[in-house]
Amino acid sequence: MSHRLTHLKALESEGIHIIREVAAEFENPVLLFSGGKDSIVMLHLAIRAFAPCPPPLPIMHIDTGHNFPEVVAFRDHRAAEAGVRLVVASVQASIDAGRVVEESGPRASRNRLQTTTLLDAIGEHRFDAVFGGARRDEEKARAKERVFSFRDEFGQWDPKNQRPELWSLYNGRHRRGEHIRVFPLSNWTELDIWQYIAAQGIELPSLYYAHRRTVVERDGMLLGVTDVTPPLAGEKPFEETVRFRTIGDATGTGAVRSTAANAHEVAAEIAATRITERGATRADDRISEAGMEDRKREGYF
């Protein structure tokens, strides 16, 4: 009898292989954890990779100070449950130290400020490999990434100076001060993520499922009304049944109208849509045609 892996099992096996490769090659890896679905799946793979022992690496959250409270609570709960050390790098601390200058105005965001906080944290803790949950189907700049993405001593990314990855062989060679960003979910799609979450029964923050929320319509998105995203002049808040396809800084993450109350229903909804998750709900991707690539060159996720 021949044994054939299903599509999801093949993706899972690839992700676990990549995570184990990093553990074998690098001295001090870290897993970026935002409390979003992709980083939650990535942590799930790390747990499976080293079971029954806990993963031999910490998780790190770049905290903008403008996160949804539900996500921060989930982050702390999941870290404790998984038995991993949680490192929190604060954008507010970077502002207070004069490392970055906060934007002003009604549409101000701290998204771009995360780059400095991330690079400072990598240098402070001497991390030499940094796991990220980016997928190639999300956005054009992310589609250019290798699984092992080389970053120079300034944390910068040069898409023309990356290494071949023939036969799934990964080159982690780097000098002191340089590091590698590692993307074990590169070949997954949004639908793959949701089908895997449904199959594995993975817990997510409640924001990912349909709920009633007070929102305003801004720049073509439904933006949740919070302390850091109050209604602007002329905007009228209203209640709507929504969920979030992607979760980031509350100032730039929009919701979508939905009645999907569990992972199976979300997967069915995703299978029918033709709009990407970031294109529909992330204001920070609308800066310019090459906005994400410009930020990645500077050291962004």
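Let me sum up the structure you'll find in this document. Remember, predicted model here, so these are calculated numbers, not experimental data. (Residues numbered from 1 in each chain as written. Predicted model: local features only at pLDDT ≥ 70, side-chain atom pairs only at ≥ 80, totals over all residues. Heavy atoms only, no water.)

**Details of the overall build of the protein chain**
Quick reminder of the rule: In this description a helix means any DSSP run of H or I spanning at least four residues, a strand means any run of E spanning at least two, and both kinds are numbered starting from the N terminus. Only the C-alpha atoms count toward the radius of gyration. The rule for a globule is 2.2 Å times the residue count to the power 0.38. Burial classification: accessible surface area is computed with a 1.4 Å probe over protein chains only, and a residue below 20% of its type maximum counts as buried, one above 50% as exposed, and the rest as partly exposed. Contacts are assigned to residue pairs that have any heavy atoms within 4.5 Å of one another. For accessible areas, the Shrake-Rupley method is used with a probe of radius 1.4 Å. Any residue's cover is judged against the shown protein chains and nothing else. For the charge count, each Lys or Arg is scored as positive and each Asp or Glu as negative, with His and the chain ends excluded. Lysine's charge is taken at NZ, arginine's at CZ, aspartate's at CG and glutamate's at CD.
Summing up its helical and strand segments, the protein chain has ten helices and ten strands in all. Expected size for 301 residues packed as a compact globule is a radius of gyration near 19 Å; at 19 Å, the protein chain falls within 12% of this value. Across its three principal directions, the C-alpha atoms of the protein chain cover 55 × 55 × 35 Å. The buried share of the protein chain, taken over its 301 residues, is 53%. Excluding contacts between residues fewer than 6 apart, the proportion of contacts in the protein chain whose partners are at least 24 apart in sequence is 72%. By element, 52% of the accessible surface of the protein chain is carried by carbon and sulfur atoms, the whole surface being about 14100 Å². Taking the average location of the 40 positive side-chain charges in the protein chain and that of its 44 negative ones, the two points are 3 Å from each other.

**Section: the pairing of strand β5 (residues 148-151)**
Stated precisely, the cut-off is as follows: Only strands joined by at least two bridges in the DSSP assignment are considered to pair.
Neither face of β5 is open: one carries F148 and F150, the other S149 and R151, and all of them are buried. When β5 meets strand β6 (residues 179-182), the two strands line up antiparallel, connected through four bridges. Bridging from a neighbouring strand, F150 pairs with I180 of β6.

**Some points on the side chain of R163**
Using the following cut-off: Throughout this description, the term salt bridge denotes a Lys or Arg side-chain nitrogen within 4 Å of a carboxyl oxygen of Asp or Glu. Each polar contact in these results corresponds to two N or O atoms within 3.5 Å; when the atoms are within protein, one needs to be able to donate a hydrogen and the other to accept it, and residues that are neighboring in sequence are counted only if both atoms are side-chain atoms.
Counting through the fold element by element, R163 comes out in the loop between β5 and β6. Buried and unpaired, R163 has E178 as its nearest opposite-charge partner, separated by 5.6 Å. Only 3.1 Å separates the side chain of R163 from the backbone oxygen of N171, close enough to count as a polar contact. A polar contact of 2.7 Å, which involves the side chain of R163, links it to the backbone oxygen of R173.

**Concerning the environment of R85**
Examined against the element boundaries, R85 turns out to sit in the loop between α3 (69-82) and β3 (86-90). Through-space distance from the C-alpha of R85 to that of P56 is 9.5 Å; in sequence the pair is 29 residues apart. R85 has contacts with P58 and I59, leaving out every residue within four places of it along the chain.

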